[in-house]
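One letter stands for each residue in the lines below.
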Amino acid sequence: MQEDLRGFIEKLEKADLLQRIPRAVDPRFELSAVSKKVERLGKALVFEQVKGYDLPVVTNVFGSRTMLAMIFDTTPEDVVREFMKRSEARIDPVIVDGGPCKEVVKLGSDATIDELPLVTHCEKDAGPYVTAGIIVAKDPETGRRNVSINRMMYKDAQTLACRMMPPQHLGIIQGKAEARDMPLEIAVCVGNHPLENLVASTTLAYGDDELTLAGALRRRPLELVRCETVDLEVPATSEIVIEGEILANVREPEGPFGDLMQYYVPIMDNHVFRLKAITHRAHPMWQTIQASSLEDVHLLALSREAKLMRAVEQSGAKVKAVSLVPTIMSAAISIEKQFEGEPKNVAAAAFGAYSWLKYCVVVDHDVDVFDVGDVWWAMATRSDVGRGLLRMPDALGFPRDLFHIHQAKLGIDATAPLNQWQEFERKRVPGSDTLDLQDYLG
Ligand SMILES: Cc1cc2nc3c(=O)[nH]c(=O)nc-3n(C[C@H](O)[C@H](O)[C@H](O)COP(=O)(O)O)c2cc1C
Ligand SMILES: [Mn+2]
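Some thoughts on the coordination of the manganese ion (ligand 2)
At the metal site, the manganese ion (ligand 2) is ligated by Asn146 (OD1), His169 (ND1) and Glu210 (OE), and these contacts range over 2.1 to 2.2 Å. In primary sequence terms, the donor set of the manganese ion (ligand 2) follows N-x22-H-x40-E. Of this pair, Asn146 sits in strand S8 (residues 145-149) while His169 sits in helix H5 (residues 169-179); the two residues are 23 residues apart in sequence, bridging distant segments of the chain. Each member of the pair, Asn146 as well as His169, carries the same accessibility label: buried.

Observations concerning the packing of helix H4 (residues 79-87) against helix H8 (residues 294-314)
Interhelical geometry of H4 versus H8 gives an angle of 85 degrees and a closest axis separation of 9 Å. Our classification of the angle between H4 and H8 gives roughly perpendicular. Along the contact surface, H4 presents Val79, Val80, Arg81, Phe83 and Met84, while H8 presents Leu302, Ser303, Glu305, Ala306, Met309, Arg310 and Glu313. Split into classes, the residues belonging to the contact of H4 with H8 amount to 7 nonpolar, 1 polar and 4 charged.

Some remarks on the nonpolar core
The biggest cluster of nonpolar side chains holds 78 residues, and the ones touching the most others in it are Leu12, Phe72, Val234, Ile333, Leu357 and Cys360. Looking at this core, the element that brings in the most residues is H8, giving 9 residues. Residue assignment places this core across two domains, with domain 1 (92-283) and domain 2 (295-424) each supplying three or more. One finds Leu31, Val50, Ile135 and Leu275 within the second-largest nonpolar core, a separate group that totals 35 residues.

Some points on the packing of aromatic side chains
The relative placement of two aromatic rings is captured by the distance of their centres and the angle of their planes. Going through the model one piece at a time under the given rule, you end up with 3 aromatic pairs. With centroids separated by 6.3 Å and ring planes inclined at 70 degrees, the aromatic side chains of Phe72 and Phe83 adopt a geometry described as edge-to-face. Separated by 11 residues along the polypeptide, Phe72 in the loop between helix H3 (65-71) and H4 and Phe83 in helix H4 bring together distant segments of the chain. The pair formed by Phe72 and Phe83 is uniform in burial state, with each residue classed as buried. For the ring pair Tyr129 and Phe257, a centre distance of 4.3 Å and an interplane angle of 40 degrees mean the geometry is tilted. One end of the pair, Tyr129, is in strand S6 (residues 129-130); the other, Phe257, is in strand S16 (residues 257-258), and 128 residues separate them in sequence. Both residues of the pair, Tyr129 and Phe257, count as buried. The side chain of Arg426 reaches across the aromatic face of Trp377, ending 3.8 Å from its centre.

Description of the sheet that holds strand S24 (residues 409-413)
An order of S20-S21-S22-S24-S23 is seen for the 5 strands of this open sheet, with the pairing classed as mixed. The strands lining the two open edges of the sheet, one partner per strand, are strand S20 (318-323) and strand S23 (389-392). Taken pair by pair, the neighbouring strands of this sheet meet at an average axis angle of 15 degrees, ignoring direction. In this sheet, S24 lies alongside strand S22 (residues 359-364) in parallel orientation, the contact comprising 4 bridges. Bridge assignment links Val361 to a residue of S24, and that residue is Ile412. Across the sheet, H8 touches S20 and strand S21 (330-336), and the angle it forms with S20 is around 160 degrees.

Examining the packing of H8 against helix H9 (residues 342-353)
If you want to describe how two helices pack, look at the angle between their axes and the distance between the axes. Contact geometry for H8 and H9: axes closest at 8 Å, N-to-C directions at 130 degrees. Taken together, the axes of H8 and H9 lie oblique to each other. Where H8 crosses over H9, the two elements pack in a sense that is right-handed. Contacts between H8 and H9 pair Lys307, Leu308, Ala311 and Val312 from the former with Val346, Ala349, Ala350 and Ala353 from the latter. When the residues that make up the contact of H8 with H9 are grouped by side-chain class, the tally is 7 nonpolar, no polar and 1 charged.

Observations regarding the environment of Pro343
For Pro343, the location among the structural elements is in helix H9. A relative accessible area of 1% means that Pro343 is categorised as buried. Put simply, Pro343 and Pro417 are 74 residues apart on the chain and 11 Å apart in space, counted from C-alpha to C-alpha. The contacts of Pro343, once residues within four sequence positions are left out, are Ile335, Lys337, Val362, Asp413 and Thr415.

Brief notes about the site of ligand 1
The environment of ligand 1 is made up of 19 residues, and the closest members are Asn146, Ile149, Arg151, His169 and Glu210. Within the backbone of Arg151, one N or O atom sits 2.8 Å away from an oxygen atom of ligand 1. Here an oxygen atom of ligand 1 and a side-chain polar atom of Thr203 are 3.1 Å apart. Relative to its free-state accessible area of 640 Å², ligand 1 is covered by the protein chains to the extent of 86%. Secondary structure elements with two or more residues in the shell around ligand 1: S8 and H8. Considering only residue class, the shell around ligand 1 consists of 6 nonpolar, 9 polar and 4 charged. The residues that make up the shell around ligand 1 include at least three from each of domain 1 (92-283) and domain 2 (295-424).

Examining helix H7 (residues 210-218)
Most of H7 is tucked away, with 9 of its 9 residues classed as buried. All of the buried residues along H7 are Glu210, Leu211, Thr212, Leu213, Ala214, Gly215, Ala216, Leu217 and Arg218. Looking at the buried positions of H7, the neighbouring elements they touch are H4, S8, H5, helix H6 (194-200) and strand S12 (223-226). Looking at the residues trailing H7, positive phi occurs at Arg219, about 65 degrees.

Section: H5
Looking only at H5, the buried set comprises His169, Leu170, Gly171, Ile173, Gln174, Ala177 and Glu178. Looking at the buried residues of H5, the elements they touch are strand S7 (133-138), S8, strand S11 (184-190), H7, strand S14 (240-246) and strand S18 (268-280).

Analysis parameters
Along each chain, numbering runs from 1 in the same order as the chain's sequence is written. Labels follow written order: the first chain is A, the first ligand is 1, and so on. Local features are withheld for residues below a pLDDT of 70 in this predicted model, meaning they are given only at 70 or higher, and side-chain atom pairs are given and counted only at 80 or more; totals for whole chains, interfaces and linings count all residues. As a rule here, side-chain values come from all non-hydrogen atoms in the structure, and water together with hydrogens is ignored. Only nitrogen, oxygen and sulfur atoms qualify as donors, provided they sit within 2.8 Å of the metal or within 3.2 Å for Na, K and Ca; with water excluded from the atoms, sites may seem incomplete. Comment: elements are numbered from the N terminus, with helices defined as DSSP H or I runs of at least four residues and strands as E runs of at least two. Each residue gets one of three labels from its accessible area relative to the maximum for its type: buried under 20%, exposed over 50%, partly exposed in between, using a 1.4 Å probe on protein chains only. Throughout, an axis means a line fitted to C-alpha atoms (over the contacting stretch in the case of helices), and angles, computed between N-to-C directions, take values from 0 to 180 degrees. Note on terminology: angles under 35 degrees are roughly parallel, angles over 145 are roughly antiparallel, angles of 65 to 115 are roughly perpendicular, and the others are oblique. Should any heavy atoms of two residues lie within 4.5 Å, those residues are considered in contact. As a working rule, the residues Ala, Val, Leu, Ile, Met, Phe, Trp, Tyr, Cys and Pro are called nonpolar, Asp, Glu, Lys and Arg charged, and the rest polar, with Gly in that last group. Here the nonpolar core consists of buried residues drawn from Ala, Val, Leu, Ile, Met, Phe, Trp, Tyr and Cys, with membership extended through side-chain atoms lying within 4.5 Å. Boundary definitions for the domains trace back to an automatic or database domain assignment. Side-chain rings of Phe, Tyr and Trp, where Trp is taken by its six-membered ring, are said to pair if the distance between their centres is within 6.5 Å; with planes under 30 degrees apart they count as stacked, over 60 as edge-to-face, and otherwise as tilted. Geometrically, a lysine NZ or arginine CZ counts as sitting over a ring once it is within 6 Å of the ring centre and also within 35 degrees of the ring normal. Here, any two strands with at least 2 DSSP bridges between them count as paired. Crossings are classed by handedness, with left-handed meaning an anticlockwise turn of the near helix from the far one by less than a right angle and right-handed meaning a clockwise turn. Neighbouring residues are identified by heavy atoms, a residue being near a molecule or strand if any of them is within 4 Å of it. We call two N or O atoms a polar contact when they sit within 3.5 Å, provided that within protein one can donate a hydrogen and the other can accept it, with sequence-adjacent residues counted only if both atoms are side-chain atoms. Exposure was quantified through the Shrake-Rupley algorithm and a 1.4 Å probe, taking into account, for residues, occlusion by the shown protein chains and nothing else.

Written out as structure tokens, the structure reads:
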């Protein structure tokens, strides 16, 4: 059988990267509060008992670069390159007859969202949300598939609210269906192998099917099964599949919701989803992702780091590593500097490749881009604020920008002057990296 979320959880557990929580928790705030505490330990979490529900809940499976590395069987430093290498040749999915997500099929009034432990994460969130569902839809003109993650707010046992708007692909697809006065069929899959969540968080060209990237990353075709009530196919190993449609010409209030930037997105009129069926495994797991958590950022970062790496390498620079953590609007890029001034070209290439980027700090190869403290150290001790800044006013930036504060960019050259390593060599304590502290603690 194909690798699935359960297999990945087992792998994390063997590597001591999983924490099980046996005590019953409330899906309103308490689950989220425990997750926030554990986030700093860099472990995934399984909540074995959630008050009011029969399903366990898993979260934080992408919570660190070490966990991303586990998905790709590589080292934390090499995840971006491994992602790039595997992305090169796409592999189409295949449709199979049945799969674990069909072990239980509930149609019509047997299907109810009330069975699912949707989590309320933040104080002012409007209510419980689906946050880790990958939404499968098809363009009504071309039949091309799209997969993305969009938050969905609980409204009642049969209804969710959902935000989608162009240029995001699901918004374009829904617009096309609505122009024909047609509802848009969708399937929301929760509890997937991490690679499916990863491709759903990746922006490809419009019309490019994210599940062909899932095949490429898996290095074998992703197995899909046909849905019961909508003309769509979903990953066979999903824990839970919620089938239904987005109503045409209907908008109802959704929000507030604590989002990616750690702010509340206000109430807005958004789309309405009507449930048609739920299929799931015999004993399914629910999955949740808290927006703006390290998990959310790592998930969104990886494909965008690959984009930056590709663009900067194209410019001729020798890139060591790229990081978009802890916020995907700021990048740190380490290079083997070849020319004075090159870091500004590196920052310009990065801004050109990825429009949400606001800051790009370019550092030397001896700086750890995954350690924000180390990047600050390089800025403090190596940057020349007089000559090393690249300011780009009035560029294209993050789109939800009420106060017009994200439409300019700053590149920072935090590299040491070229060929001056005798002055800029970092001091080192021999043995500090290799000794085992346990040997000294008695
Ligand atoms: C946990 C999580 C939640 C997300 N929620 C939303 C959302 O509510 N609305 C949205 O437009 N994008 C959301 N995104 C980002 C999109 O999934 C992402 O931009 C994706 O690439 C869009 O797909 P598309 O390129 O096919 O349009 C979310 C991403 C993650 C990881
Ligand atoms: Mn897409």
